[in-house]
Amino acid sequence: MTLPSGAKRIFMGFALALATMFLPQNATAQILTVDLGTASNFAILASSGTTNAGVTTVTGEVGSSPTATIANSGTFTLIGTDHGGDPVTLGAKNDLDTAYNDAVTRTPTTIYGAIFDLGGLTLTSGVYNDPSSFGIAGTLTLDGQNNPDAVWIFQAGSTLSTGANSAVVLINGAQASNVFWQIGSSATLGANTQFAGTMLAFTSITLGSGTTVDGRTLAKGGAVALTQNTISLPISAAPEPGTTLLLGLGLVTLLVLRRQFFYSGLTACWKVRA
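All values derive from a computational prediction rather than experimental measurement.

Report on the nonpolar core, specifying residues and quantitative values.
Within the largest apolar cluster, 38 residues are counted, with the highest numbers of intra-cluster contacts made by Phe154, Trp181 and Met199. Among the elements that line this core, the one with the most residues is strand 16 (residues 194–201), at four residues. Membership of the second largest hydrophobic core comes to 17 residues, among which are Leu45, Ala103, Val151 and Ile153.

Here it is in structure tokens:
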């Protein structure tokens, strides 16, 4: 039986409306960021205090408890607040514990062999695990694939270490604020390393001379040792104006089309009945 033209229009309208409403989603599950809570405001957070030698600049809050001192034998410039062991620091340390427990229990997307060197790799969003230790000799590249919400979580069962002049490079929209390094014991970054991401170390963090960190140095149980370093809190990416505008126009267009299909279907229906 051949359907009347009006009925055909109704079916086409409903089909297109349903296709619009139920567009297929990306099959790859989005990895959620690690919620740092109030610890996100801290560039340095420790338990056994902080030491510094040489000229160091830190942008962000600093705190340590129960040992609250900064043992400084050089020039320590802080663009932020030293909270010492005050209640703000204690709250941030509690949030650090929660964040660490979250990161360590994430399900890995990739598991490497013992003492794996990440240098020379280009990695997209994922949870990368080494039951032993991670090293970086050379350059590790993190590719955001033009997704500013891409997240990387590195789980080191024991240590994280980098060679001198190593680097973590972010490309195609990757954000340092979405990179997390969960470290089962301690982290040691070699001289002149250019590092990106938040270090969540169970014990301590040591930065070699000239090393820079676009991120955070958060040590649960030990000290943070500095030698002529630059540490800056990462800046979260905001949506580009063009992207937001296009999204808004797209939504308006879909609503207009759905309305047209609806009224078109009603009109055709009345014609068929008439």
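Next comes the rest of the write-up.
Could you give an account of the packing of aromatic side chains, naming the residues involved and the relevant values?
In the structure shown here, the tally under the stated rule is eight aromatic pairs. Between Tyr128 and Phe154 the ring centres are 5.4 Å apart and the planes differ by 20°, which places this aromatic pair in the stacked class. Of the two residues, Tyr128 is situated in strand 8 (residues 126–130) and Phe154 in strand 11 (residues 152–156); the sequence distance between them amounts to 26 residues. Taking the relative accessible area as the measure of exposure, Tyr128 reaches 6% and is therefore buried. Phe154 gets classed as buried once you look at its relative accessible area, which sits at 1%. Note on Phe134 and Phe154: the rings are 6.0 Å apart at their centroids and 85° apart in plane angle, and the pair reads as edge-to-face. Of the two residues, Phe134 is situated in strand 9 (residues 134–136) and Phe154 in strand 11; the sequence distance between them amounts to 20 residues. For the pair formed by Phe134 and Phe154, the shared burial category is buried. Taken together, Tyr112, Phe116, Tyr128, Phe134, Phe154, Trp181 and Phe195 form an aromatic cluster joined through their ring pairs. Directly above the aromatic system of Tyr100 lies the positively charged group of Lys220, at a separation of 5.2 Å from the ring centroid.

Got a sec to walk through the side chain of Thr56? Specific residues and values, please.
One can find Thr56 in strand 2 (residues 55–59). Since its relative accessible area comes to 0%, Thr56 is described here as buried. A polar side-chain atom of Thr56 sits 2.6 Å from a polar atom in the side chain of Asn52.

Run through the side chain of Thr198, naming residues and quoting values.
Inspection of the secondary structure assignment puts Thr198 in strand 16. If we skip the residues at most four places from it in the chain, Thr198 touches Leu36, Val179, Phe180, Trp181, Arg216 and Leu218.

So what's going on with the pattern of salt bridges? Residues and values would help.
In this structure the tally under the stated criterion is two salt bridges. A salt bridge links Asp97 to Lys220; its shortest N-O distance comes to 2.7 Å. Linking Asp97 in helix 2 (residues 87–104) with Lys220 in the loop between strand 18 (212–219) and strand 19 (224–227), this pair joins segments that are 123 residues apart in sequence. Overall, the relative accessible area of 17% leaves Lys220 in the buried class.

Reading guide: rules and limits
- Residues numbered from 1 in each chain as written.
- Predicted model: local features only at pLDDT ≥ 70, side-chain atom pairs only at ≥ 80, totals over all residues.
- Heavy atoms only, no water.
- Core = buried A, V, L, I, M, F, W, Y, C linked by side-chain atoms within 4.5 Å.
- Buried < 20%, exposed > 50% of the residue type's maximum accessible area, 1.4 Å probe, protein only.
- Helix = DSSP H or I, 4+ residues; strand = E, 2+ residues; numbered from the N terminus.
- Phe/Tyr/Trp six-rings, centres within 6.5 Å; stacked < 30°, edge-to-face > 60°.
- Lys NZ or Arg CZ within 6 Å of the ring centre and 35° of its normal.
- Polar contact = N/O pair within 3.5 Å; in protein donor to acceptor, adjacent residues only side chain to side chain.
- Contact = heavy atoms within 4.5 Å.
- Salt bridge = Lys/Arg side-chain N within 4 Å of Asp/Glu carboxyl O.

Treat this as a map of the structure, not an account of what it does.
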